[in-house]
Amino acid sequence: MTSSRNIVILTGAGISAESGLATFRAEDGLWEEHRVEDVATPEAFARDPVLVQRFYDMRRSAVLAAQPNAAHRALARLDREWPGDLLIVTQNIDDLHERAGATRVLHMHGEALSAWCMACDARHPWREPLGDNPPCPACGMAALRPDIVWFGEMPYQMERILAAVTRADLFVSIGTSGAVYPAAGFVQAATEARAGTLELNLDRSLGSRLFDETRLGPASALVPAWVEELLAD
(Lines give C-alpha, C1' and ligand atoms only; values in the text may rest on other atoms or scores of the structure.)
Protein backbone atom coordinates (compact mmCIF):
# COMPACT_ATOMS: atom_id res chain seq x y z
CA MET A 1 0.00 0.00 0.00
CA THR A 2 2.88 2.36 0.69
CA SER A 3 3.77 2.55 -3.02
CA SER A 4 0.18 3.06 -4.19
CA ARG A 5 -0.72 6.13 -6.17
CA ASN A 6 -3.93 5.22 -8.00
CA ILE A 7 -6.67 3.58 -5.94
CA VAL A 8 -10.00 2.02 -6.87
CA ILE A 9 -12.38 1.19 -4.02
CA LEU A 10 -15.43 -1.02 -4.45
CA THR A 11 -18.10 -0.70 -1.76
CA GLY A 12 -21.07 -2.96 -1.19
CA ALA A 13 -24.03 -3.33 1.13
CA GLY A 14 -21.82 -4.05 4.14
CA ILE A 15 -20.63 -0.46 4.36
CA SER A 16 -24.18 0.88 4.62
CA ALA A 17 -25.58 -1.88 6.84
CA GLU A 18 -24.25 -0.05 9.91
CA SER A 19 -26.33 2.95 8.83
CA GLY A 20 -29.46 0.81 9.05
CA LEU A 21 -29.89 -0.05 5.37
CA ALA A 22 -30.74 -3.67 4.68
CA THR A 23 -28.21 -5.79 2.84
CA PHE A 24 -29.11 -7.04 -0.60
CA ARG A 25 -30.37 -10.51 0.20
CA ALA A 26 -30.97 -12.23 3.51
CA GLU A 27 -30.17 -15.86 4.24
CA ASP A 28 -33.74 -16.87 3.38
CA GLY A 29 -33.27 -15.60 -0.18
CA LEU A 30 -35.61 -12.65 0.27
CA TRP A 31 -34.85 -8.96 -0.16
CA GLU A 32 -36.82 -7.01 2.45
CA GLU A 33 -39.46 -9.76 2.38
CA HIS A 34 -39.71 -9.81 -1.43
CA ARG A 35 -38.32 -12.25 -3.95
CA VAL A 36 -35.73 -10.53 -6.14
CA GLU A 37 -37.63 -11.78 -9.20
CA ASP A 38 -40.70 -9.82 -8.07
CA VAL A 39 -39.09 -6.40 -7.54
CA ALA A 40 -35.69 -6.18 -9.25
CA THR A 41 -36.07 -7.20 -12.89
CA PRO A 42 -37.47 -5.45 -15.97
CA GLU A 43 -39.97 -8.30 -16.25
CA ALA A 44 -41.23 -7.62 -12.72
CA PHE A 45 -41.75 -3.95 -13.56
CA ALA A 46 -43.65 -4.83 -16.71
CA ARG A 47 -45.77 -7.38 -14.84
CA ASP A 48 -46.56 -5.37 -11.69
CA PRO A 49 -45.29 -1.77 -11.83
CA VAL A 50 -47.34 -0.80 -8.77
CA LEU A 51 -45.53 -3.35 -6.58
CA VAL A 52 -42.10 -2.38 -7.90
CA GLN A 53 -42.72 1.36 -7.50
CA ARG A 54 -44.02 0.83 -3.97
CA PHE A 55 -40.97 -1.25 -3.09
CA TYR A 56 -38.54 1.42 -4.30
CA ASP A 57 -40.57 4.19 -2.71
CA MET A 58 -39.91 2.44 0.61
CA ARG A 59 -36.22 2.05 -0.17
CA ARG A 60 -36.01 5.74 -1.13
CA SER A 61 -37.55 6.67 2.22
CA ALA A 62 -35.07 4.44 4.03
CA VAL A 63 -32.13 6.07 2.23
CA LEU A 64 -33.39 9.55 3.13
CA ALA A 65 -33.67 8.54 6.79
CA ALA A 66 -30.19 6.96 6.98
CA GLN A 67 -27.01 8.79 7.96
CA PRO A 68 -23.38 8.21 6.91
CA ASN A 69 -21.33 6.17 9.35
CA ALA A 70 -17.65 6.21 10.26
CA ALA A 71 -16.69 4.16 7.19
CA HIS A 72 -18.36 6.62 4.80
CA ARG A 73 -16.72 9.54 6.59
CA ALA A 74 -13.29 7.88 6.44
CA LEU A 75 -13.57 7.36 2.67
CA ALA A 76 -14.67 10.99 2.29
CA ARG A 77 -11.54 12.00 4.17
CA LEU A 78 -9.43 9.86 1.85
CA ASP A 79 -11.16 11.49 -1.13
CA ARG A 80 -10.24 14.95 0.19
CA GLU A 81 -6.65 14.17 1.14
CA TRP A 82 -5.43 11.57 -1.35
CA PRO A 83 -3.17 13.27 -3.95
CA GLY A 84 -3.36 10.52 -6.56
CA ASP A 85 -6.21 9.14 -8.63
CA LEU A 86 -9.08 7.74 -6.60
CA LEU A 87 -12.40 6.25 -7.67
CA ILE A 88 -15.04 4.95 -5.27
CA VAL A 89 -17.22 2.52 -7.19
CA THR A 90 -20.29 1.66 -5.16
CA GLN A 91 -22.80 -1.11 -5.70
CA ASN A 92 -25.10 0.72 -3.29
CA ILE A 93 -27.98 2.89 -4.44
CA ASP A 94 -27.84 5.18 -1.39
CA ASP A 95 -26.11 8.57 -1.35
CA LEU A 96 -24.24 8.12 1.93
CA HIS A 97 -20.79 8.47 0.33
CA GLU A 98 -21.78 11.85 -1.09
CA ARG A 99 -23.44 13.03 2.11
CA ALA A 100 -20.26 12.13 3.99
CA GLY A 101 -18.39 14.43 1.59
CA ALA A 102 -16.92 12.13 -1.08
CA THR A 103 -16.99 13.46 -4.64
CA ARG A 104 -15.10 10.84 -6.66
CA VAL A 105 -18.00 8.36 -6.57
CA LEU A 106 -19.56 6.22 -9.30
CA HIS A 107 -22.87 4.37 -8.73
CA MET A 108 -22.64 1.28 -10.92
CA HIS A 109 -26.13 0.06 -9.94
CA GLY A 110 -27.91 3.42 -10.11
CA GLU A 111 -29.29 5.68 -7.40
CA ALA A 112 -32.39 5.55 -5.23
CA LEU A 113 -32.69 9.34 -5.38
CA SER A 114 -32.91 9.45 -9.17
CA ALA A 115 -35.78 8.81 -11.58
CA TRP A 116 -35.42 7.75 -15.21
CA CYS A 117 -38.01 8.61 -17.84
CA MET A 118 -38.72 5.78 -20.25
CA ALA A 119 -40.31 8.21 -22.72
CA CYS A 120 -37.55 10.80 -23.20
CA ASP A 121 -34.55 9.09 -21.49
CA ALA A 122 -34.05 12.01 -19.07
CA ARG A 123 -32.85 11.42 -15.52
CA HIS A 124 -33.92 13.64 -12.64
CA PRO A 125 -32.97 13.97 -8.97
CA TRP A 126 -35.94 12.50 -7.13
CA ARG A 127 -36.94 12.36 -3.47
CA GLU A 128 -40.73 11.88 -3.71
CA PRO A 129 -42.77 8.70 -4.30
CA LEU A 130 -43.09 7.35 -7.84
CA GLY A 131 -46.03 5.10 -7.02
CA ASP A 132 -48.62 7.69 -8.04
CA ASN A 133 -47.07 8.02 -11.54
CA PRO A 134 -45.95 11.66 -11.48
CA PRO A 135 -45.14 13.27 -14.84
CA CYS A 136 -41.58 13.59 -16.12
CA PRO A 137 -40.34 17.17 -15.53
CA ALA A 138 -38.78 17.17 -19.00
CA CYS A 139 -41.48 15.73 -21.28
CA GLY A 140 -44.60 15.56 -19.12
CA MET A 141 -45.17 11.84 -19.70
CA ALA A 142 -46.01 9.54 -16.77
CA ALA A 143 -43.19 7.16 -17.64
CA LEU A 144 -40.78 7.42 -14.72
CA ARG A 145 -39.09 4.37 -13.17
CA PRO A 146 -36.44 4.04 -10.47
CA ASP A 147 -32.99 4.80 -11.90
CA ILE A 148 -31.77 1.41 -10.69
CA VAL A 149 -29.88 -1.30 -12.56
CA TRP A 150 -32.01 -4.43 -12.28
CA PHE A 151 -31.01 -8.04 -12.90
CA GLY A 152 -30.65 -8.52 -16.64
CA GLU A 153 -29.50 -4.91 -17.19
CA MET A 154 -25.95 -3.66 -17.72
CA PRO A 155 -24.34 -1.76 -14.82
CA TYR A 156 -23.51 1.85 -15.51
CA GLN A 157 -20.14 3.08 -16.84
CA MET A 158 -18.48 -0.33 -17.02
CA GLU A 159 -15.84 0.87 -19.48
CA ARG A 160 -14.76 3.64 -17.13
CA ILE A 161 -14.68 1.27 -14.15
CA LEU A 162 -12.62 -1.40 -15.88
CA ALA A 163 -10.21 1.21 -17.23
CA ALA A 164 -9.70 2.56 -13.70
CA VAL A 165 -9.23 -0.94 -12.24
CA THR A 166 -6.59 -1.87 -14.82
CA ARG A 167 -4.69 1.40 -14.12
CA ALA A 168 -4.87 1.08 -10.34
CA ASP A 169 -1.95 0.37 -8.05
CA LEU A 170 -4.35 -0.73 -5.32
CA PHE A 171 -7.84 -2.25 -5.47
CA VAL A 172 -9.85 -2.34 -2.24
CA SER A 173 -13.15 -4.15 -1.73
CA ILE A 174 -15.27 -3.09 1.25
CA GLY A 175 -18.39 -4.82 2.53
CA THR A 176 -19.28 -6.87 -0.52
CA SER A 177 -20.04 -10.58 -0.84
CA GLY A 178 -18.06 -11.09 -4.03
CA ALA A 179 -20.97 -13.07 -5.45
CA VAL A 180 -22.52 -10.71 -8.01
CA TYR A 181 -20.89 -10.17 -11.38
CA PRO A 182 -19.48 -8.12 -12.99
CA ALA A 183 -18.29 -6.49 -9.73
CA ALA A 184 -17.09 -9.87 -8.42
CA GLY A 185 -14.59 -9.97 -11.30
CA PHE A 186 -12.88 -6.66 -10.49
CA VAL A 187 -10.34 -8.24 -8.12
CA GLN A 188 -9.20 -10.64 -10.84
CA ALA A 189 -8.86 -7.77 -13.32
CA ALA A 190 -6.83 -5.82 -10.77
CA THR A 191 -4.60 -8.82 -10.07
CA GLU A 192 -3.97 -9.37 -13.77
CA ALA A 193 -2.94 -5.70 -13.98
CA ARG A 194 -0.50 -6.32 -11.08
CA ALA A 195 -2.30 -4.09 -8.59
CA GLY A 196 -2.23 -4.81 -4.89
CA THR A 197 -5.58 -6.03 -3.56
CA LEU A 198 -7.16 -5.65 -0.13
CA GLU A 199 -10.50 -6.87 1.21
CA LEU A 200 -12.21 -5.26 4.23
CA ASN A 201 -15.26 -7.29 5.19
CA LEU A 202 -17.31 -8.51 8.13
CA ASP A 203 -16.79 -12.13 7.03
CA ARG A 204 -14.75 -13.86 4.37
CA SER A 205 -16.38 -13.49 0.97
CA LEU A 206 -16.58 -15.92 -1.93
CA GLY A 207 -13.61 -14.12 -3.46
CA SER A 208 -11.41 -13.72 -0.38
CA ARG A 209 -8.82 -16.19 -1.72
CA LEU A 210 -8.16 -13.83 -4.65
CA PHE A 211 -7.00 -10.92 -2.48
CA ASP A 212 -3.47 -10.29 -1.26
CA GLU A 213 -4.86 -9.46 2.18
CA THR A 214 -8.22 -9.75 3.94
CA ARG A 215 -9.10 -7.90 7.15
CA LEU A 216 -12.25 -8.95 8.98
CA GLY A 217 -14.50 -6.79 11.14
CA PRO A 218 -17.15 -4.09 10.92
CA ALA A 219 -16.59 -1.47 8.23
CA SER A 220 -16.98 1.35 10.75
CA ALA A 221 -13.82 0.11 12.49
CA LEU A 222 -11.76 -1.31 9.62
CA VAL A 223 -12.14 1.51 7.11
CA PRO A 224 -11.09 4.42 9.37
CA ALA A 225 -8.08 2.42 10.58
CA TRP A 226 -7.03 1.59 7.01
CA VAL A 227 -7.44 5.19 5.83
CA GLU A 228 -5.40 6.45 8.77
CA GLU A 229 -2.68 3.91 7.95
CA LEU A 230 -2.67 4.83 4.27
CA LEU A 231 -2.51 8.58 4.81
CA ALA A 232 0.18 8.22 7.48
CA ASP A 233 2.35 6.29 5.01
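The rules we used
Residues numbered from 1 in each chain as written. Predicted model: local features only at pLDDT ≥ 70, side-chain atom pairs only at ≥ 80, totals over all residues. Heavy atoms only, no water. Pairing = 2+ DSSP bridges. Helix = DSSP H or I, 4+ residues; strand = E, 2+ residues; numbered from the N terminus. Axes fitted to C-alpha atoms, helices over the stretch in contact; angles between N-to-C directions. Contact = heavy atoms within 4.5 Å. Disulfide = S-S within 2.5 Å. Buried < 20%, exposed > 50% of the residue type's maximum accessible area, 1.4 Å probe, protein only. Core = buried A, V, L, I, M, F, W, Y, C linked by side-chain atoms within 4.5 Å. Parallel < 35°, antiparallel > 145°, perpendicular 65-115°, else oblique. Left-handed = near helix turned anticlockwise from the far one by under 90°. Nonpolar A, V, L, I, M, F, W, Y, C, P; charged D, E, K, R; others polar. Domains from an automatic or database assignment. Buried area = accessible area lost by both parts, 1.4 Å probe. Salt bridge = Lys/Arg side-chain N within 4 Å of Asp/Glu carboxyl O.

(A) Main features of the sheet that holds strand 1 (residues 7-11). Taking strand neighbours across the sheet as the criterion, the six strands line up as 5-4-1-9-10-11 in an open arrangement whose pairing is parallel. Each having just a single partner strand, strand 5 (105-107) and strand 11 (213-216) make up the two edges of the open sheet. Taking the axes of each pair of neighbouring strands and ignoring which way they run, one obtains an average angle of 15° across the sheet. Of the strand pairs in this sheet, strand 9 (residues 170-174) and strand 10 (residues 196-201) are connected by five bridges, and their pairing is parallel. Across the sheet, residue Ser173 finds its bridge partner in strand 10, namely Glu199. Relative to the sheet, helix 9 (residues 219-232) contacts strand 1, strand 9, strand 10 and strand 11, its axis offset from that of strand 10 by approximately 150°.

(B) Quick look at the state of the cysteines. All chains considered together, the criterion is met by zero disulfides. Distance from the sulfur of Cys120, which forms no disulfide, to the nearest cysteine sulfur (Cys136) is 3.7 Å. Relative accessible area serves as the criterion here: at 34%, Cys120 is assigned to the partly exposed category. No disulfide involves Cys139; its sulfur sits 3.7 Å from that of Cys117, the nearest cysteine. Note on Cys139: relative accessible area 34%, which makes it partly exposed.

(C) Here's a closer look at the nonpolar core. Among the nonpolar cores identified, the biggest contains 25 residues, and Ile9, Leu75, Ile174, Val223 and Trp226 are the most heavily contacted of them. Only strand 1, helix 5 (70-81), strand 4 (86-90), strand 9, strand 10 and helix 9 provide two or more residues apiece to this core. If you tally residues by element for this core, the top one is helix 9, at six residues. When near neighbours in sequence (up to four residues on either side) are disregarded, Ile9 contacts Leu75, Leu78, Leu86, Leu87, Ile88, Val89, Val172, Ile174 and Trp226.

(D) Main features of the sheet that holds strand 8 (residues 144-148). Taken in spatial order, the three strands of this open sheet run 7-6-8, and their pairing is antiparallel. The open sheet has two free edges, formed respectively by strand 7 (123-125) and strand 8, since each of these has just one partner strand. Across this sheet, the average inter-strand angle for adjacent strands is 40°, counted without regard to direction.

(E) Highlighting the packing of helix 5 against helix 9. Where helix 5 meets helix 9, the closest approach of the two axes is 7 Å, and the angle between their N-to-C directions is 20°. With respect to each other, helix 5 and helix 9 are oriented roughly parallel. Viewed along their axes, helix 5 and helix 9 form a crossing whose handedness is left-handed. Where helix 5 abuts helix 9, its residues Ala70, Ala71, Ala74, Leu75, Arg77, Leu78 and Glu81 lie against Ala219, Ser220, Val223, Pro224, Trp226, Val227, Glu228, Leu230 and Leu231. Of the residues belonging to the contact of helix 5 with helix 9, the class tally is twelve nonpolar, one polar and three charged.

(F) Local environment of the domain arrangement of the protein chain. Here the protein chain is partitioned into domain 1 (1-21 + 68-109 + 155-233) and domain 2 (22-65 + 112-148). Placing a centre on the C-alpha atoms of domain 1 and another on those of domain 2 gives a separation of 26 Å. Counting from both sides, the interface comprises ten residues of domain 1 and, opposite them, 13 residues of domain 2. Between domain 1 and domain 2, roughly 930 Å² of surface is buried when both sides are summed, and carbon and sulfur atoms account for 60% of that area. A per-residue breakdown of the area domain 1 buries against domain 2 is headed by Leu21, Ile93 and Tyr156, which together make up 59% of the total. Here domain 1 and domain 2 share zero salt bridges between them.

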